[in-house]
Amino acid sequence: MAQPIQQIERAPRDERREAQARVEEAVVRSADGIVDGLGLLQACEEKGLIPIVRALVEQGDAVLRVVVEAVSRKGVTDGLKNLIGIAQFLSVVPPEDMERIFHAVARGLERATEQSEANERMGVYDVLKALRDPDVGRSLAMLFAFLKGMGSGLAEPGESAHKDRGPEV
Amino acid sequence: MSVDVKRTFTLDGSPLTATEGQTILQAMLAAGLDFPHICYHPALGPIQTCDTCMVEVDGDLVRACATPVADGMSVRTKSVAARYARKEAMDRILKNHDLYCTVCDNNNGNCVVHNTTMAMDIDHQSYPFREKPYEVDMSHPFYRYDPSQCILCGRCVEACQNLQVSEVLSIDWDREIPRVIWDNDVPINESSCVSCGHCVTVCPCNALMEKSMLGKAGFLTGIEPEPLQRMIDVTKAVEPGYRAIFAISEVESHMRNARIKRTKTVCTYCGVGCSFDIWTKDRDILKVEPQMEAPTNQISTCVKGKFGWDFVNSPERLTKPLLRKGDAFHEVSWDEALDFVAKRLTEIRQQYGDDAVALISSSKCTNEENYLVQKLARAVLHTNNVDNCSRYCQSPATEGLRRTMGYGGDTGSLHDLAIADLLIIVGANPAESHPVFSTRMRRAKKKYGQKHIVIDLREHDLAHRADLFVRPNPGTDLVLISAVTKYIIDQGWHDDEFVRQHVDGFDAFVRSLEPYTLEYAERVTGVPRDTLVQIATMIHEAKSTCICWAMGVTQHKGGSETSTAICNLLLVTGNVGRPGTGAYPLRGHNNVQGAGDMGCSPVYMPGYERVDDPAVRAKYETAWGVELPTSKGLDNHEMVDAIHEGKLRALIIQGEEMALVDSNSHYVREAFAKLDLLVVIDVFFSKTAEYADVVLAASPSLEKEGTFTNTERRIQRLYQVFEPLGDSRPDWIILRDLANRLGANWTYTHPSEILEEIASLAVLMQGVRWDRLEGYRSLQWPVHPDGTDTPLLYTNGFPFPNGKARLVPAKWIEPTAFAPEYDLHLNNGRMLEHFHEGNLTYRVHGLKEKVPTTYLEVSPELAKERGIETGALVRIISPYGELKLPVVVTDRVKGKQMYLPMNTSNDEEAINILTSSESDETTHTPAYKELQVRMEVIRPCGESPMTRFNYRMHKPNPQPGVRVERKWSRRGYVPVTEAAKEKARG
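The rules behind each value
- Every chain begins its residue count from 1, and numbering advances along the sequence as written.
- For naming, the first written chain is A and the first written ligand is 1, with later ones following in the order written.
- Totals for whole chains, interfaces and linings use all residues, but because this is a predicted model, local features are given only for residues with pLDDT of at least 70 and pairs of side-chain atoms are given and counted only at 80 or more.
- Derived side-chain values reflect all non-hydrogen atoms in the structure, with water molecules and hydrogen atoms excluded from consideration.
- Pairing between two strands is assigned when DSSP locates at least 2 bridges connecting them.
- Elements are defined by DSSP. Helices are runs of H or I of four residues or more, strands are runs of E of two residues or more, and each kind is numbered from the N terminus.
- Where helices are involved, their axes are fitted lines through C-alpha atoms of the stretch in contact, as for all axes, and angles between N-to-C directions lie from 0 to 180°.
- When checking whether two residues touch, look at their non-hydrogen atoms; a contact exists if any pair is within 4.5 Å.
- Domain segmentation is taken from an automatic or database assignment of domains.
- Two aromatic rings from Phe, Tyr or Trp, using only the six-membered ring of Trp, form a pair when their centres are within 6.5 Å; if the ring planes differ by under 30 degrees the pair is stacked, by over 60 it is edge-to-face, and anything between is tilted.
- Only when the NZ of Lys or the CZ of Arg is both within 6 Å of the ring centre and within 35 degrees of the ring normal is a charge said to sit over the ring.
- Any angle that is under 35 degrees is reported as roughly parallel, and any over 145 degrees as roughly antiparallel; angles of 65 to 115 degrees are reported as roughly perpendicular and all others as oblique.
- Handedness of a helix crossing follows the sense of rotation of the near helix relative to the far helix, less than a right angle counterclockwise being left-handed and clockwise being right-handed.
- Each patch is built from salt-bridge-free residues with over 30% relative accessible area, joining like charges within 9 Å and nonpolar side chains (Val, Leu, Ile, Met, Phe, Trp, Tyr) within 5 Å.
- The accessible surface values rely on the Shrake-Rupley method and a 1.4 Å probe; as for residues, cover is taken only from the protein chains in view.
- Salt bridges are defined by distance alone: a side-chain nitrogen of Lys or Arg within 4 Å of a carboxyl oxygen of Asp or Glu.
- Residues scored as charged are limited to Lys and Arg (positive) and Asp and Glu (negative), so that His and the chain ends carry no count.
- We put the charge of a Lys on NZ, of an Arg on CZ, of an Asp on CG and of a Glu on CD.
- The definition of a nonpolar core used throughout is a set of buried Ala, Val, Leu, Ile, Met, Phe, Trp, Tyr and Cys residues joined through side-chain atoms within 4.5 Å.
- Each residue is placed in one exposure class: buried if its accessible area under a 1.4 Å probe, protein chains only, is under 20% of its type's maximum, exposed if it is over 50%, and partly exposed if it falls in between.
- Two N or O atoms count as a polar contact when they lie within 3.5 Å, although within protein this holds only if one can serve as hydrogen donor and the other as acceptor, and sequence-adjacent residues are included solely when both atoms are side-chain atoms.

This part covers the sheet that holds strand β22 (residues 582-585) of chain B. All names here are of chain B. Read across the open sheet, the five strands follow the order β19-β18-β17-β21-β22; overall the sheet is parallel. The open sheet is flanked by β19 (468-470) and β22, the only strands paired with a single partner. Neighbouring strand axes in the sheet, compared pairwise and without regard to direction, differ in orientation by 15 degrees on average. In this fold helix α14 (residues 435-448) packs onto β17 (422-426), β18 (451-455) and β21 (545-549), with an angle of close to 130 degrees to the strand it touches most, β18.

Per the domain assignment, the segments of chain B are domain 1 (2-92), domain 2 (94-312), domain 3 (322-392 + 592-789), domain 4 (395-585) and domain 5 (824-953). Taken over C-alpha atoms, the centre of domain 1 of chain B sits 54 Å from the centre of domain 3 of chain B.

On to the side chain of B:Thr398. With respect to the secondary-structure elements, B:Thr398 resides in helix α11 (residues 395-404). In contact with B:Thr398, not counting residues within four places along its chain, are B:Gly408, B:Arg587 and B:Tyr608.

A word on the packing of aromatic side chains. Residues and elements named next belong to chain B. Under the defined criterion, the tally for this structure stands at 21 aromatic pairs over all chains. Here the aromatic rings of Phe818 and Tyr822 are separated by 6.4 Å at their centres, their planes lie at 75 degrees, and the arrangement is edge-to-face. Taken together, the ring pairs connect Tyr269, Phe276, Trp309, Phe311, Phe684 and Phe835 into an aromatic cluster. A cation sits over an aromatic face here: Arg843 above Phe684, 3.8 Å from the ring centre.

Turning to the packing of helix α16 (residues 477-490) of chain B against helix α22 (residues 559-572) of chain B, a few remarks are in order. Residue and element names in this part refer to chain B. Interaxial distance between α16 and α22 falls to 9 Å at its minimum, and their mutual angle equals 20 degrees. As summarised for this structure, α16 and α22 are arranged roughly parallel, according to the angle between their axes. Here the hand of the crossing between α16 and α22 comes out left-handed. Packed against α16, whose contacting residues are Asp477, Leu478, Ile481, Ser482, Thr485, Ile488 and Ile489, the element α22 presents Glu561, Thr562, Ala565, Ile566, Leu569 and Val572 at the interface.

In this section: the sheet that holds strand β3 (residues 54-57) of chain B. All names here are of chain B. Read from one edge of the open sheet, five strands run β2-β1-β5-β3-β4, paired in mixed fashion. Strands at the two margins of the open sheet, each flanked by one partner only, are β2 (14-19) and β4 (60-63). Each strand axis lies, on average, 40 degrees off the axis of its neighbour in the sheet, ignoring direction. Helix α2 (residues 80-95) rests against β3, β4 and β5 (74-76) of the sheet, and its axis sits at about 160 degrees to β3.

Side chains of B:Glu753, B:Glu756, B:Asp771 and B:Glu774 sit close together on the surface and give a patch of like negative charge. Here B:Glu753 is to be found in helix α29 (residues 751-761).

We now examine the nonpolar core. Soluble globular proteins tend to bury their nonpolar side chains together. All names here are of chain B. Among the nonpolar cores identified, the biggest contains 96 residues, and Leu376, Leu651 and Phe672 are the most heavily contacted of them. When neighbours within four sequence positions are excluded, Leu376 is seen to be in contact with Leu359, Leu381, Leu735, Leu738, Ala739, Leu742 and Trp746. Counting 59 residues, the second largest nonpolar core, distinct from the first, contains Ile122, Phe142, Tyr145 and Val844.

Residue and element names in this part refer to chain B. Using the criterion set out here, one finds 69 salt bridges over all chains in the structure. One salt bridge connects Glu865 with Lys896, and the closest N-O pair in it is separated by 3.1 Å. With Glu865 in helix α31 (residues 860-866) and Lys896 in the loop between β35 (881-889) and β36 (897-901), this pair connects stretches of sequence that are 31 residues apart. Glu882 is paired through a salt bridge with Arg875; the nearest N and O atoms lie 3.3 Å apart. By relative accessible area, which is 46% here, Glu882 ends up partly exposed. Counted as one network, the salt bridges with shared partners bring together Glu167, Arg442, Lys446, Asp461 and Arg465.

Attention now moves to the side chain of B:Lys95. Inspection of the secondary structure puts B:Lys95 in helix α2. At 3.0 Å, the side chain of B:Lys95 and the backbone oxygen of A:Gly166 are in polar contact. Filtering out sequence-adjacent residues up to four positions away, B:Lys95 remains in contact with A:Arg165, A:Gly166, A:Pro167, A:Glu168, B:Gln125, B:Tyr127, B:Pro128, B:Phe129 and B:Arg130.

It is worth spelling out unusual backbone geometry at this point. Residue and element names in this part refer to chain B. Of note, the bond from Trp781 into Pro782 is cis; its omega dihedral lies within 30 degrees of zero at 0 degrees. Tracing the backbone shows Pro782 in the loop between β30 (778-780) and β31 (805-806). The phi dihedral of Gln48 is positive, around 70 degrees, even though this residue is not glycine. The residue Gln48 is located in the loop between α1 (24-30) and β3 in this model. A positive phi angle, near 65 degrees, is found at Tyr794, a position not held by glycine. Among the structural elements, Tyr794 can be located in the loop between β30 and β31. A relative accessible area of 8% places Tyr794 in the buried class.

Structure follows, in structure tokens:
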């Protein structure tokens, strides 16, 4: 004979005991990792890393705000952008060409140094004579080709400068 | 068959074949080729809004998604013009979508916009991103819309208009900057949106997102909005191109896999059997993500399946067994609880005999658990007193089908319902009770012109849309169906050849129809004879007809008889055993079919093999190594009587809220109070549990493995998402441990072992194997030993000795009579947002916000007569009890008929306080639908019990689809092909 009842006496939860049990179980399951991890922790502590990381994490939101604030200033974003631009520039130059040009520039420097040590003046005729030298001619040809390429690059509109905003959909 | 016709064409010079009707994109995808596309979705077809799939065909630029393959066609994807067109399309999309992937909650490897941008190797966009001048809509409890992220692909609109067919969403192309709107542009939460989630599921980006994902899915997405926005700005200011951004977001997306778990599960909210992935992070549910490979629902869900799972983490969950001690329940250990149950069961059996104990299994539990319940009853407790809740719903349908066709299940699949010419829906409300089935019905009607006849008291969603809506007098469906059948035969419209070859008993059946003339039917049903003729004519003219029915038919004294009449009609018209035909008794709960299949019934062993067949018993006695009981078992209904008679002393109820869901609640509860032992196995402390001696804390579907069988006879596996909460345990473990305390020595360590045992014994399930059900694979019984299953029944005859079906004369049983003072008819059923008595769904915050309580639907005529309006409070009185209910006046109901959704656990509002103990003559299913009451007005007006967040309050906005031609005719619109040509020229 059972009349309906709604009263439920919950066994008091021993949360401390439950937590201990979970930790114990985890310790048994991952003993190796824990021992290694403790080693790492000790090393970090000795190098003074722990207080820094702890402070960073504890103040996470505030730190993030400061960092984002600092980073989002125009000078910084431009700097970052330029850095990435330089990296991109370097990444588009074929390395073998770069090597040849560096090599040639080195030779040029070598000769230039010799020239400055000799401290000789060049007359107009000397210049005309030098223009007939095939080595000088090659350099000039390359320079003109470079100027031509750069000029055509300047004629292209920049990516951020597009006027066309496109249709709405 | 047209499907076999092949088309051969060349793609960038290589030959490729396509099937008839396939578009270029479909052929490419079918061949396993990757090609950009955003708005095309396999469940929705071509939408033609995004233009990212442009190709060149014989010199012209066309959309690959919408261009059918023709023989000899030459398709070039790599031509300069096609590439420019695709780039132009993508540029326009990126103008409408800010790429902040790394800090976006949708960056989970499946973002279509992200993946397409990356696959197209887009490094820069030509048009800068701009926000749209609209606020984010956060009003809905379950999802948000961010217009500024919306690319206007229209997938959501197409899904809403033509797959779910709730017709709420559209794109307003007439604005300067278009956006998706709800209804006539109202906040989402105050629209006619039924919250099915289709739009969110198909959204190719983060414009529509589950709120449960926001701030939770990513590593960086939980950051406060202000620094987050700054981070997005910095990233975008610094990033010189998208390749680098994508590299980082890819890494982050892979990292998310480490902590977001995706698990396939099967929904428990109705008999449709939707399956989907559920995404979790620890015990948080991030979202439900349906998959195209899901055999029944593909990407479809309803509000409960998509958003209704938070109950698993409810603080009210039972986490330890409870034992009644004095005036209170005390939490005890499993050993103490199970030892107590075993001891008491043994004492009661010794004192009163084996049949003083009974078990009721649960249609919410797995097949394996149901099998164990009946095995516990028969093999361990030595009684056939075992039943399940299909007794409350579809037993009469099973009876009707078994009598006439042989198998007690739907004859085909959802696919057949979708391809039928004509659907007849009798006493069923699929839009609210089987929501995903209803999507396919509405889609077939809207897109392919399927005809619908709805026979019902109440003008529900499908009735409202039907070609013919018929309202017969309550409880007279058998007369209506028999008269239509007779008229068809009288006209010579029956399928004579089918009947001669495949059906027995035609002559006797025709004689039994003699009384059912049109005149008689008109008199009894109140349906004009012209309408009856119209129904017959529509059946005659349709090439294929399916009939769906549910509780409106079965929950009557003549439920089995009416079900039989429906089967007879299908047989004489030859609407069985062919694609697009058949009988569909829509099962209400996820595993009603399985609970019956597993032998949780006093007369059947698993697979509907009869208990009184000595050969069957011998098979199980050998397998189980025990002697089986031969005494006749009790069904649910008889159990309650037997308790009152003092014969039944102990009852074990698994996951059923019998104190609310059995009819005539007062009588049932008085019975519970008389028991010597009541054991309740449940997830929550239910009303039934209040009467228990022991309550065993069970784990719901998300916390265990096993299989469910849906209404299509489809067996599907569910995978474990979470560990059981607290000390709760899956039912199969509880049952095993209890059986072993009673000396059973069961050694099951996993549900797969139980399934193998079932397959080795039940002929119907012979070929069922755990590994054949892996992932989204499924099997529809009967399953042959080689694993071949049967999506469509009776293609090779019927499972009777001569292979023929049987026409069984059905007799009309008049509905229960009430004294004249009970002058109003009270109907009851479900509402979309809640399940059953609501123990689960009222614990989901958003569902409760949408629909906080049940309410009484009263017709405008009756309201006027009684001087009440919406918000009135009335007392409803039957001979068995009384309720106090808030009123909603609506023309869904007519005249003196009222309607009360059954979804409440409040005793002041629960329908079964009023219902009688009358039942179906054959199966004892309670006649819930035969109820007359009277009304007393307590308060004539007041606050409406429906909040403005209830979709029923609002008006949808039907559209043919996304209406892309409106986009094309916008002023200033330039086709991508034109724009691309200009650019190609420089």
